[in-house]
Amino acid sequence: MTAGLAAICTSLIALVLTILRQVQNTYGQRDRIIWPWLVIAMGSLSMIWGIVVLAVDNESYLTPGFVMIGLGLVCFSILSKVGLLALVWRRTFSLANRVPLLPVLTALACLFLAAFVFQAAVVDRNAFIAARVLVGLACFSLYSIVSILESGTSSSG
């Protein structure tokens, strides 16, 4: 699970570097490609790792497997902000208003997964902690939605 947290931290660093380079006016075509793809890689790695952990047939691996999948979903939630910044920097992107759908979908995926894991916790108590963590990760994804909507509705003057 530490690797999943490292993936989220890497994704957040990509977000901060995106904002920093845009503020410094040094954001270029290379940045437009590298930072979103780094976040996609982190999210994909975390989700695949979670699936592999779940595939190992050991009940004590339930919590780490589901949490790794949830952490991957949070990386994709962060991708919505990094991707939006890359798409709209110094150009027009007609589908920019659709980007907030990504954290909505990741939050819903976390909540649906949590619902199934809560149901599994009725039979296997090892799943209860994972379900609670997934609900918390869904809340983090919802924070991304609020952040994007807030930045989209703020006035420029």
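Throughout what follows, the structure given in this document is the object of discussion. (Residues numbered from 1 in each chain as written. Predicted model: local features only at pLDDT ≥ 70, side-chain atom pairs only at ≥ 80, totals over all residues. Heavy atoms only, no water.)

On a plain count of helices and strands, the protein comes out with five helices and zero strands. When the helices and strands of the protein are read in sequence order from the N terminus, they spell out α-α-α-α-α. Relative to its full complement of 157 residues, the protein shows a buried share of 41%. A sequence separation of at least 24 residues applies to 71% of the contacts in the protein between residues at least 6 apart. Element-wise, carbon and sulfur atoms account for 69% of the exposed surface of the protein, whose accessible area totals about 9000 Å². (Helix = DSSP H or I, 4+ residues; strand = E, 2+ residues; numbered from the N terminus. Buried < 20%, exposed > 50% of the residue type's maximum accessible area, 1.4 Å probe, protein only. Contact = heavy atoms within 4.5 Å. Areas by Shrake-Rupley, 256 points an atom, 1.4 Å probe, with all protein chains shown as cover.)

In this section: the pattern of salt bridges. One side chain can pair with another of opposite charge once the charged atoms of both are near each other. For the structure shown, the criterion picks out one salt bridge. Note that Arg-21 and Asp-31 form a salt bridge whose closest N and O atoms lie 2.8 Å from each other. In this pair, Arg-21 is assigned in helix 1 (residues 2-23) and Asp-31 in helix 2 (residues 29-55), connecting sequence segments 10 residues apart. Using a relative accessible area of 4% as the deciding quantity, one classes Asp-31 as buried. (Salt bridge = Lys/Arg side-chain N within 4 Å of Asp/Glu carboxyl O.)

Here Ile-40 shows up in helix 2. Placed 29 residues apart in sequence, Ile-40 and Ser-11 show a C-alpha to C-alpha distance of 8.6 Å. Discounting residues that sit within four places of it in the chain, Ile-40 has contacts with Phe-76 and Leu-79.

We now examine the packing of aromatic side chains. Two aromatic rings are characterised by how far apart their centres lie and by the angle between their planes. Per the counting criterion, the structure on display carries two aromatic pairs. Here the aromatic rings of Tyr-27 and Trp-89 are separated by 6.0 Å at their centres, their planes lie at 80°, and the arrangement is edge-to-face. Linking Tyr-27 in the loop between helix 1 and helix 2 with Trp-89 in the loop between helix 3 (62-88) and helix 4 (101-123), this pair joins segments that are 62 residues apart in sequence. On the accessibility criterion, Trp-89 (17% relative accessible area) is buried. Ring plane angle 70° and centroid distance 5.9 Å describe the contact between Phe-118 and Phe-128, whose orientation is recorded as edge-to-face. Of this pair, Phe-118 sits in helix 4 while Phe-128 is found in helix 5 (residues 127-153), placing the two residues 10 residues apart along the sequence. (Phe/Tyr/Trp six-rings, centres within 6.5 Å; stacked < 30°, edge-to-face > 60°.)

Glancing now at a nonpolar patch on the surface. Judged by side-chain polarity, Leu-101, Leu-105, Leu-108, Leu-111, Phe-112 and Phe-116 come together as a nonpolar surface patch covering roughly 640 Å² of accessible area. Tracing the backbone through its elements, the reader meets Phe-116 in helix 4. With a relative accessible area of 62%, Phe-116 lands in the exposed category. (Patch = residues over 30% accessible without salt bridge, like charges linked within 9 Å, V, L, I, M, F, W, Y side chains within 5 Å.)

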